[in-house]
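Each chain, written out:
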Amino acid sequence: MIRGIVLRDLPVVPDGPAGLRAALGELELCQLPGLRWFSPTLDESTLDALAVELSGIRLAAGLGAINAAHPGRATEAMELGDGDPVRGWRRMIDAAARLTVESLHFTVGTLEDRFSGDWPRQLAATAELVRPLVRAADEVGIPLVLKTHEEMTSFELLRFAEATGVVAGFSPVNLLTRLEHPVAAARRLAPLVHTVFLDDAAITWTPAGLARRMRPVGEGVVPWPEILGRLPAVPVVLDLHRAELDMPFHREDWAVTHPDLTVPELLSVASLATADEPATPLAHRREPGLKALLGK
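An account of the accompanying structure is given in this report. (Residues numbered from 1 in each chain as written. Predicted model: local features only at pLDDT ≥ 70, side-chain atom pairs only at ≥ 80, totals over all residues. Heavy atoms only, no water.)

Brief notes about the overall build of the protein
Helix and strand counts for the protein come out as 13 helices and 12 strands. Rg of the C-alpha trace for the protein: 19 Å, near the compact-globule value of 19 Å for 296 residues, within the 12% margin. Dimensions of the protein along its principal axes, counting C-alpha atoms only, are 55 × 45 × 30 Å. For the protein, the proportion of its 296 residues judged to be buried stands at 53%. Looking at the protein as shown, the accessible area adds up to about 12400 Å², and 56% of this sits on carbon and sulfur atoms. Distance between charge centroids for the protein: 2 Å, based on 29 positive and 39 negative side chains. (Helix = DSSP H or I, 4+ residues; strand = E, 2+ residues; numbered from the N terminus. Rg over C-alpha atoms; globule rule 2.2 N^0.38 Å. Buried < 20%, exposed > 50% of the residue type's maximum accessible area, 1.4 Å probe, protein only. Areas by Shrake-Rupley, 256 points an atom, 1.4 Å probe, with all protein chains shown as cover. Lys, Arg positive; Asp, Glu negative; His and termini not counted. Charge placed at Lys NZ, Arg CZ, Asp CG, Glu CD.)

Structural data, given as structure tokens:
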């Protein structure tokens, strides 16, 4: 198993390749927020030199949000493409190849998008936008990975993958916010999973319905040994989520935006819920997460 961490959750902020190597310690992979972390302009000669300095460190990187309905959100891609985000994403793919980045990750939307009334249309339009990017990334041997972000269901990811050729970044704590049981979601996505994002959460009852409260790995409801036993040997990346999210499932406007969710699965998640308690502070979650990742 390849063990990694997202950059923001490293115990110390690294300064350049040497600092990154030291900060990773026993971990093999770091997922960067974007390709410009080392070179703001993606200068080719700078990237080639960095590739030598980064030798031995496995890297993944983010492409940001790709949403055909909201191109303005793709700030980095817009800047790199002189106002054309597609050109910017293609430059990022080329830069990733120079840095020998192993995978490129993206999300599509936000919770506001999901409940905007046109989420299915956004997904369909974005699939058209992503399909040629997948081909471009395939040409340099880099998979495009769509994360199960807080607004994305596993069912939608499966359909998106069929339409585009992306693979899955499986984040069980995010699928809890769509009231999907982690084991059932793992079963659905198993053939597509490229990366697993390690974190944990509790499900609690609130006046609004249910809510996600973040917990140290091993102290929440995600049955990690069972999930990892169901999935192929893929990179496992510590990714400590911050958001506290409500799931007011009894509201009609919530229910109609989850047409794939079955009553038995919803009840299986609700059965995990406890009385509401505050989330565990982030500072108390990093060390247990690293220990779980390293098997300590």
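Looking at the pairing of strand β4 (residues 103-107)
Of all 5 residues that make up β4, 5 are buried, and the element is covered over most of its length. Side-chain alternation along β4 places Ser103, His105 and Thr107 on one buried face and Leu104 and Phe106 on a second face that is also buried. Here 3 bridges tie β4 to strand β5 (residues 144-147), and the two strands are oriented parallel to one another. Note that in β5 the partner of Phe106 across the bridge is Leu146. (Pairing = 2+ DSSP bridges.)

A closer look at the sheet that holds strand β10 (residues 236-238)
The 8 strands lie next to each other as β1-β2-β3-β4-β5-β6-β7-β10, forming a closed barrel whose pairing is parallel. Across this sheet, the average inter-strand angle for adjacent strands is 30°, counted without regard to direction. Relative to strand β6 (residues 167-170), β5 runs parallel, the two being bridged by 3 bridges. When the sheet's bridge partners are listed, Leu146 is paired in β6 with Ala168. In this fold helix α13 (residues 286-294) packs onto β1 (3-6), β7 (193-198) and β10, with an angle of close to 165° to the strand it touches most, β10. (Axes fitted to C-alpha atoms, helices over the stretch in contact; angles between N-to-C directions. Contact = heavy atoms within 4.5 Å.)

Focus: the environment of Pro235
Structurally, the position occupied by Pro235 is in the loop between α10 (224-230) and β10. Along the sequence, Pro235 and Ile2 sit 233 residues apart, while their C-alpha atoms lie 4.5 Å from each other. The residues touching Pro235, leaving out its near neighbours within four places in the chain, are Ile2, His194, Thr195 and Val196.

Re the sheet that holds strand β11 (residues 245-247)
Pairing within the open sheet is mixed, and its 4 strands lie in the order β11-β9-β8-β12. Bordering the open sheet on either side are β11 and β12 (274-275), each of which pairs with just one other strand. Pairing between strand β8 (residues 200-206) and β12: 2 bridges, direction parallel. Opposite Thr204, over in β12, you have Thr274 as the bridge partner.

Quick notes on the nonpolar core
For soluble globular proteins, the rule of thumb is that nonpolar side chains tend to be buried together. Leu20, Leu35, Leu104, Phe106, Leu144 and Phe170 are the most contacted members of the largest nonpolar core, which has 87 residues in total. Here the element with the most residues in this core is helix α6 (residues 119-139); it accounts for 8 residues. Other than its neighbours up to four places away in sequence, Phe106 contacts Leu63, Gly64, Ile66, Val130, Leu144, Val145, Leu146, Lys147, Phe160 and Val166. Counting 5 residues, the second-largest nonpolar core is a separate cluster that includes Val6, Leu29, Ala60 and Val237. (Core = buried A, V, L, I, M, F, W, Y, C linked by side-chain atoms within 4.5 Å.)

Re the pattern of salt bridges
Counted by the stated rule, this structure contains 24 salt bridges. Of the charged contacts in the structure, one is a salt bridge between Arg242 and Asp9, with a shortest N-O distance of 2.9 Å. Of this pair, Arg242 sits in the loop between β10 and β11 while Asp9 sits in the loop between β1 and α1 (16-24); the two residues are 233 residues apart in sequence, bridging distant segments of the chain. Taking the shortest distance from any N to any O, the salt bridge between Glu244 and Arg213 comes out at 3.5 Å. Pair noted here: Glu244 is in the loop between β10 and β11 and Arg213 is in strand β9 (residues 209-215), with a separation of 31 residues, a long-range link. Of the residues examined, Arg213 reaches a relative accessible area of 13% and is grouped as buried. (Salt bridge = Lys/Arg side-chain N within 4 Å of Asp/Glu carboxyl O.)

Describing the packing of aromatic side chains
One pass over the structure, following the stated rule, counts 3 aromatic pairs. Over the ring of Phe197 we find Lys147; its NZ or CZ atom is 4.7 Å from the centre of that ring. (Phe/Tyr/Trp six-rings, centres within 6.5 Å; stacked < 30°, edge-to-face > 60°. Lys NZ or Arg CZ within 6 Å of the ring centre and 35° of its normal.)

Comments concerning α13
Taken residue by residue, α13 has Arg286, Gly289, Leu290, Leu293 and Leu294 as its buried positions. Down the axis of α13, the sector holding all buried residues measures 125°, keeping them to one side. Phi for Gly295, located one or two positions after α13, is positive at around 70°. (Arc of directions from axis to C-beta.)

Note that all results are geometric; they support no functional claim without further evidence.
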